[in-house]
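Chain by chain, the residues:
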Amino acid sequence: MAPKQNRLTNLQTRQEDGSWVALNPESTYKVITIDFLADGKDGYQHFATAPEIAREDTFLPYADSFLKYVQSHPTLERLPDPEYSTQTIKGMPSLDKWLGFLKK
């Protein structure tokens, strides 16, 4: 596994037109995540350090939100490869294999 502070590279955000643009270190970004991760669980301690004023609870349990989405979209299809947020995983062969499996 890569050492801390060297695990993420080539971070990009997806634009409304579908293109991907590198993160700008001078910009501020809004992150949407589930409460479990926002509370610093699963190794995401930095999320827990966000001041309360910067956090917004949607009061939408993620499982319920996903269920409503599935119910409103009777046919779910795999995303085209370029739309996956994770394009490569380096240094973890088992995850590379898993990612490849998802994209088939």
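Residues numbered from 1 in each chain as written. Predicted model: local features only at pLDDT ≥ 70, side-chain atom pairs only at ≥ 80, totals over all residues. Heavy atoms only, no water.

Asks: So what's going on with the overall build of the protein? Which residues, and what values?
Replies: Across its full length, the protein carries 4 helices and 2 strands. For the protein, the succession of helices and strands along the chain, N to C, is β-β-α-α-α-α. Looking at the protein as a whole, 6% of its 104 residues are labelled buried. Carbon and sulfur atoms provide 57% of the accessible area of the protein, an area that totals close to 9800 Å². (Helix = DSSP H or I, 4+ residues; strand = E, 2+ residues; numbered from the N terminus. Buried < 20%, exposed > 50% of the residue type's maximum accessible area, 1.4 Å probe, protein only. Areas by Shrake-Rupley, 256 points an atom, 1.4 Å probe, with all protein chains shown as cover.)

Asks: Can you break down a negative patch on the surface residue by residue, with the values?
Replies: On the surface, Asp35, Glu52, Glu56 and Asp57 cluster together into a negatively charged patch. Summarising the element assignment, Asp35 is placed in helix H1 (residues 35-38). (Patch = residues over 30% accessible without salt bridge, like charges linked within 9 Å, V, L, I, M, F, W, Y side chains within 5 Å. Salt bridge = Lys/Arg side-chain N within 4 Å of Asp/Glu carboxyl O. Lys, Arg positive; Asp, Glu negative; His and termini not counted. Charge placed at Lys NZ, Arg CZ, Asp CG, Glu CD.)

Asks: For the confidence of the model for the protein, give the residues involved together with the corresponding values.
Replies: Parts of the prediction with low pLDDT should not have their coordinates interpreted in detail. For the protein, per-residue confidence averages 79 on the pLDDT scale, and 76% of positions sit at 70 or higher. Considering each helix and strand of the protein separately, the mean pLDDT is smallest for helix H4 (residues 93-102), with a value of 58, and largest for strand E2 (residues 20-22), with 89. (pLDDT = per-residue confidence, 0-100.)

Asks: Kindly report on the pattern of salt bridges, identifying the contributing residues and their values.
Replies: Evaluated as defined, the whole model comprises 1 salt bridge. As a salt-bridge pair, Arg55 and Asp39 come within 2.9 Å of each other at their nearest N and O atoms. Of this pair, Arg55 sits in the loop between helix H2 (45-48) and helix H3 (62-72) while Asp39 sits in the loop between H1 and H2, and the two are 16 residues apart along the sequence.

Asks: Report on the packing of aromatic side chains, specifying residues and quantitative values.
Replies: One pass over the full model with this rule turns up 1 aromatic pair. Summarising the aromatic geometry, the rings of Tyr44 and Phe47 are spaced 5.8 Å apart at their centres and angled 10 degrees between planes, so their arrangement reads as stacked. On the accessibility criterion, Phe47 (29% relative accessible area) is partly exposed. (Phe/Tyr/Trp six-rings, centres within 6.5 Å; stacked < 30°, edge-to-face > 60°.)

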